[in-house]
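Each chain is listed here by its residues.
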Amino acid sequence: MPRTTRLTPSLIRAAACAGIAALTLTACGSGSGSDSAGSGSGSVKVGLITKTDTNPFFVKMKEGAEKAAKESGAQLISSAGKFDGDNAGQVTAVENMVASGVKGILITPSDSKAIVPALEKARAKGIMVIALDSPTDPQSAVDALFATDNLAAGELIGAYAKAAMKGKEAKIATLDLAPGVAVGVQRHNGFLKGFGLGEKDPAIVCSQDTGGDQAKGQTAMENCLQKAPGINVVYTINEPAALGAYTALKAKGREKDVLIVSVDGGCTGTRAVKEGKIAATSQQYPLKMAAEGVKAVVTYAKDGKKATGYTDTGVSLITDKAQAGVASKDTAYGLDNCWG
């Protein structure tokens, strides 16, 4: 806080923040749910709403948005749900950002359907809305989507697993996310496509939901091993689930003879690839999603041109055991570009 009673812009802004202290959204201060970049009352305001502010993926996303806002002279206003799935918190954040005068909102929707009415209200007021990482349902509920092609990410690890098996009969466990969640469905379907399997293929001997959680991934793997002890390939929705699966396999002495593949490319997961716990992972780039989103809002503010459609922010297969016919990069590259 300023040490003078003179009515400065900073003091005015601080007073405004105090008036909404009960909310998760602010444009000043240093709380975990807020941040700002740029200065001056005339700067473009960009809103960023993530699923949570603790997941390393979203921490990196916010970092990318902050850097892009600073470079563009824009002001970033950020908020997050209290937990993954906190749609009410995200709706409140959208409403607060609309009231604060943002020109655009970047959001990773926790509930792809339930968030739609709030986003439609924002767009009706001339605010551009861009979904990051996860699409809304329908996708047309936002102006644009900047995200990993999750189907392609799944295809990469599916093709890799197929090649790595070198013709050996596969007995596959899929450790998925949760029913109906677009990201999980796309990665799962991509894996099957890359491996050359249908949903009901007998090679799939066990499927369990994990919520992308390490402890639940371990439990799911334990359940699958009880059901089908001969499992030799494990697909996981993300690296926490993969590490949970590895723990369960190690407890049975199976960690050396089961191929684990995953998606995300966080630093912890990439190190697990380097250590041989995970054979390969498809790396995505949250920093790029957010940075490109901020730039799109600034462009819209300047010339009225809205971003539209889908922008693929890229994916790379990371492994130190390359397979013929499957494009990949090593863990040195992965660690240089990971998040978390």
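Residues numbered from 1 in each chain as written. Predicted model: local features only at pLDDT ≥ 70, side-chain atom pairs only at ≥ 80, totals over all residues. Heavy atoms only, no water.

1. Details of the overall build of the protein chain
- Counting its regular elements, the protein chain contains 11 helices and 12 strands.
- Counting every position in the protein chain, which comprises 340 residues, the buried fraction comes to 52%.
- Contacts spanning at least 24 positions in sequence make up 72% of the contacts within the protein chain whose residues lie at least 6 apart.
- When the accessible surface of the protein chain is totalled, it reaches about 15,100 Å², and 51% of it is carbon and sulfur. (Helix = DSSP H or I, 4+ residues; strand = E, 2+ residues; numbered from the N terminus. Buried < 20%, exposed > 50% of the residue type's maximum accessible area, 1.4 Å probe, protein only. Contact = heavy atoms within 4.5 Å. Areas by Shrake-Rupley, 256 points an atom, 1.4 Å probe, with all protein chains shown as cover.)

2. With respect to the pattern of salt bridges
- A full pass over the atoms with the stated rule returns nine salt bridges.
- The closest approach of N and O atoms between R123 and D143, which form a salt bridge, is 3.0 Å. In this pair, R123 is assigned in helix 4 (residues 116-124) and D143 in the loop between strand 4 (128-132) and strand 5 (144-147), connecting sequence segments 20 residues apart.
- Note on R123: relative accessible area 27%, which makes it partly exposed.
- D143 sits in the buried class, given a relative accessible area of 13%.
- Close ionic contact of E155 with K193 constitutes a salt bridge, the shortest N to O distance being 3.7 Å. Of this pair, E155 sits in helix 5 (residues 150-165) while K193 is found in helix 6 (residues 182-195), placing the two residues 38 residues apart along the sequence.
- For E155, a relative accessible area of 26% gives the class partly exposed. (Salt bridge = Lys/Arg side-chain N within 4 Å of Asp/Glu carboxyl O.)

3. Observations regarding the confidence of the model for the protein chain
- A residue-level look at the protein chain finds 88% of positions with pLDDT of 70 or above and a mean pLDDT of 89.
- Taken as a whole, residues 1-40 scores under 50 in pLDDT and shows 59 contacts with residues more than four places along the chain or in a different chain. (pLDDT = per-residue confidence, 0-100.)

4. A closer look at the state of the cysteines
- All chains considered together, the criterion is met by two disulfides.
- What pairs with C206 in a disulfide is C224, and their sulfur atoms sit 2.1 Å apart. Note on the C206 and C224 pair: the S-S dihedral is about -75°, so by sign convention the disulfide is left-handed. Taken together, the residues C206 in strand 7 (residues 204-209) and C224 in helix 7 (residues 214-227) connect sequence positions 18 residues apart.
- With a relative accessible area of 2%, C206 lands in the buried category.
- Residue classification places C224 among the buried residues on the basis of a relative accessible area of 0%.
- One disulfide bridge connects C267 with C338, the sulfur atoms lying 2.0 Å from each other. Sign of the S-S torsion, about 90° for the bond between C267 and C338, identifies this disulfide as right-handed. Here C267 is found in helix 9 (residues 267-274), whereas its partner C338 is found in the segment after helix 11 (331-336), with 71 residues between them in sequence. The same class applies to C267 as to C338, namely buried. (Disulfide = S-S within 2.5 Å.)

5. Re the sheet that holds strand 6 (residues 172-176)
- Sheet architecture is open: six strands sit in the order 7-6-8-9-10-12, paired in mixed fashion. Either end of the sheet is taken by a strand with one partner, and the two such strands are strand 7 and strand 12 (315-318). Going from strand to strand, the sheet's axes swing by 15° on average, the running direction of each strand aside.
- In the packing of helix 8 (residues 239-251) onto the sheet, the strands contacted are strand 6, strand 8 (233-236), strand 9 (259-264) and strand 10 (280-284), and the crossing angle to strand 9 comes to about 160°. (Pairing = 2+ DSSP bridges. Axes fitted to C-alpha atoms, helices over the stretch in contact; angles between N-to-C directions.)

6. Focus: the nonpolar core
- One finds L106, I130, L132 and V294 to be the most contacted residues of the largest nonpolar core, which totals 26 residues.
- For this core, the secondary-structure elements that each account for two or more residues are strand 1 (45-50), helix 2 (56-72), strand 4, strand 5 and helix 10 (286-303).
- Take this core: its biggest share by element is eight residues, from helix 10.
- Counting 25 residues, the second largest nonpolar core, distinct from the first, contains I172, L192, F195 and A279. (Core = buried A, V, L, I, M, F, W, Y, C linked by side-chain atoms within 4.5 Å.)

7. Thoughts on the environment of K193
- Given the relative accessible area of 53%, K193 is considered exposed.
- Sequence spacing of K193 and G154 is 39 residues, and the spatial spacing of their C-alpha atoms is 8.1 Å.

8. Considering the packing of helix 5 against helix 6
- As a packed pair, helix 5 and helix 6 sit with axes 6 Å apart at the nearest point and diverge in direction by 35°. Helix 6 is crossed by helix 5, and the crossing has right-handed handedness. Between helix 5, through N150, L151, G154, E155, I157, G158, A159, A161, K162 and M165, and helix 6, the contact on the second element is made entirely by V183, Q186, R187, N189, G190, F191, K193, G194 and F195.
- Among the residues making up the contact of helix 5 with helix 6, the classes are represented as eight nonpolar, seven polar and four charged. (Left-handed = near helix turned anticlockwise from the far one by under 90°. Nonpolar A, V, L, I, M, F, W, Y, C, P; charged D, E, K, R; others polar.)

9. Topic: the sheet that holds strand 4
- Spatially, the six strands line up as an open sheet ordered 2-1-3-4-5-11, and their pairing is parallel. Here the strands that pair on one side only, and so sit at the sheet edges, are strand 2 (75-80) and strand 11 (309-312). On average, each strand axis in the sheet is tilted by 20° relative to the strand beside it, whichever way the strands run.
- Where strand 4 and strand 5 come together, three bridges link them in parallel fashion.

10. Let's talk about unusual backbone geometry
- That bond from D137 to P138 is cis: its omega, 10°, falls within 30 degrees of zero.
- Relative to the helices and strands, P138 resides in the loop between strand 4 and strand 5.
- A positive phi angle, near 50°, is found at K166, a position not held by glycine.

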